[in-house]
Amino acid sequence: MGIKQLISGVLAILYLIRVQSDYQVSLKKIRLHKHMVKRIIQVGLPTGIQNMVISFSNVLVQSSVNGYGASAMAGFGAYMKIDGFNIMPVMSFSMAATTFVGQNYGAGKIQRVKKGIWVTLAMEILYTLTTGFLLMTFSDPLLKMFSSDPSVVNFGKLAMKYFCPFYFLLGILHGLAGTVRGTGKTIPPMVILLISLCLFRILWVQFILPCFGSIEGVFILYPVSWAFGMVLMILYTWKGHWLKG
């Protein structure tokens, strides 16, 4: 994986050096710009910390799944691979919103920023509802790509039951987070995502999960945490002073 990324990076740089366009890269002009470094760290560091801590919470959730046996572990693992591909466009919409909002907010075009919020949410909701429906419809063939064991497939389908209809919650959460992040307010989205997708999940596993008698207590955690984060993000977007102009 590392070698492939290295080769891709080198080829991309060579292309950017040779291309005759406005975005051509000149090696002589590559240097650190104090203001730009500050902006990159301001936007990138909170996101990096957020993703790192959320990954830790997912490891804790995975350990809870492991306690339900090998079939549960395999079924959940199989679906999480599918989930990973499904979530990538959700994150891409969020990053695109950050770029769009950043450009228009910097240019003082506040109305375009506000319009961008609704367009982002519409795309997120349409995409997540569509893919959620398709995943549920073709659950059998998708899961059988990873295992033919009926028990494993059943655990994967059970996970889909709690994930697929509610992806729109995650779409709204990340769509609004990306929008707010574009104005330079990176800390509030990070805090909200850490509270809902990390701290809340840890508390659920420690104190609420023991009240459930089955693995469904783990699966239901995901849409509940998405809904919790979405509500917090909506409240901040509505009441927070992140958009001025």
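Residues numbered from 1 in each chain as written. Predicted model: local features only at pLDDT ≥ 70, side-chain atom pairs only at ≥ 80, totals over all residues. Heavy atoms only, no water.

*Asks:* When you look at a nonpolar patch on the surface in this model, what are you seeing that I'm missing?
*Replies:* A cluster of nonpolar side chains, Ile187, Val191, Ile195, Leu199, Leu203, Phe207, Ile208, Phe212 and Phe228, forms an exposed patch at the surface whose accessible area comes to about 760 Å². With seven residues, helix α8 (residues 187-208) is the single largest residue contributor to the nonpolar patch. Counting through the fold element by element, Phe212 comes out in the loop between α8 and α9 (216-219). A relative accessible area of 33% places Phe212 in the partly exposed class. (Patch = residues over 30% accessible without salt bridge, like charges linked within 9 Å, V, L, I, M, F, W, Y side chains within 5 Å. Areas by Shrake-Rupley, 256 points an atom, 1.4 Å probe, with all protein chains shown as cover. Salt bridge = Lys/Arg side-chain N within 4 Å of Asp/Glu carboxyl O. Helix = DSSP H or I, 4+ residues; strand = E, 2+ residues; numbered from the N terminus. Buried < 20%, exposed > 50% of the residue type's maximum accessible area, 1.4 Å probe, protein only.)

*Asks:* Would you mind going over the packing of aromatic side chains with me for this structure?
*Replies:* Describing an aromatic ring pair means giving the distance of the ring centres and the angle of the ring planes. Under the defined criterion, the tally for this structure stands at 11 aromatic pairs. These aromatic residues form a ring-pair network of at least three members: Phe76, Tyr79, Phe163, Tyr167, Phe219, Tyr222 and Trp226. (Phe/Tyr/Trp six-rings, centres within 6.5 Å; stacked < 30°, edge-to-face > 60°.)

*Asks:* Would you explain the layout of surface pockets in this entry?
*Replies:* Which parts of space are left empty comes out when a probe the size of a water molecule is rolled across the atoms. A volume near 400 Å³ is recorded for the largest pocket. If you trace the largest pocket, you find 17 residues lining it, with Val43, Thr98, Thr99, Arg181 and Gly182 closest to the centre. The set of elements that each furnish at least two residues to the lining of the largest pocket consists of α2 (34-66), α3 (70-106) and α7 (167-182). Broken down by class, the residue content of the lining of the largest pocket amounts to four nonpolar, 11 polar and two charged. Put simply, the second largest pocket is a space of about 350 Å³. Lining the second largest pocket are 16 residues, with Ile54, Asn58, Ile87, His174 and Leu197 positioned closest to its centre. (1 Å grid on protein atoms, 1.4 Å probe; cavity = no way out; pocket = protein on both sides within 12 Å on 5 of 7 lines; lining within 4 Å. Points joined across faces, edges and corners; volume = space filled by probe spheres on them. Nonpolar A, V, L, I, M, F, W, Y, C, P; charged D, E, K, R; others polar.)

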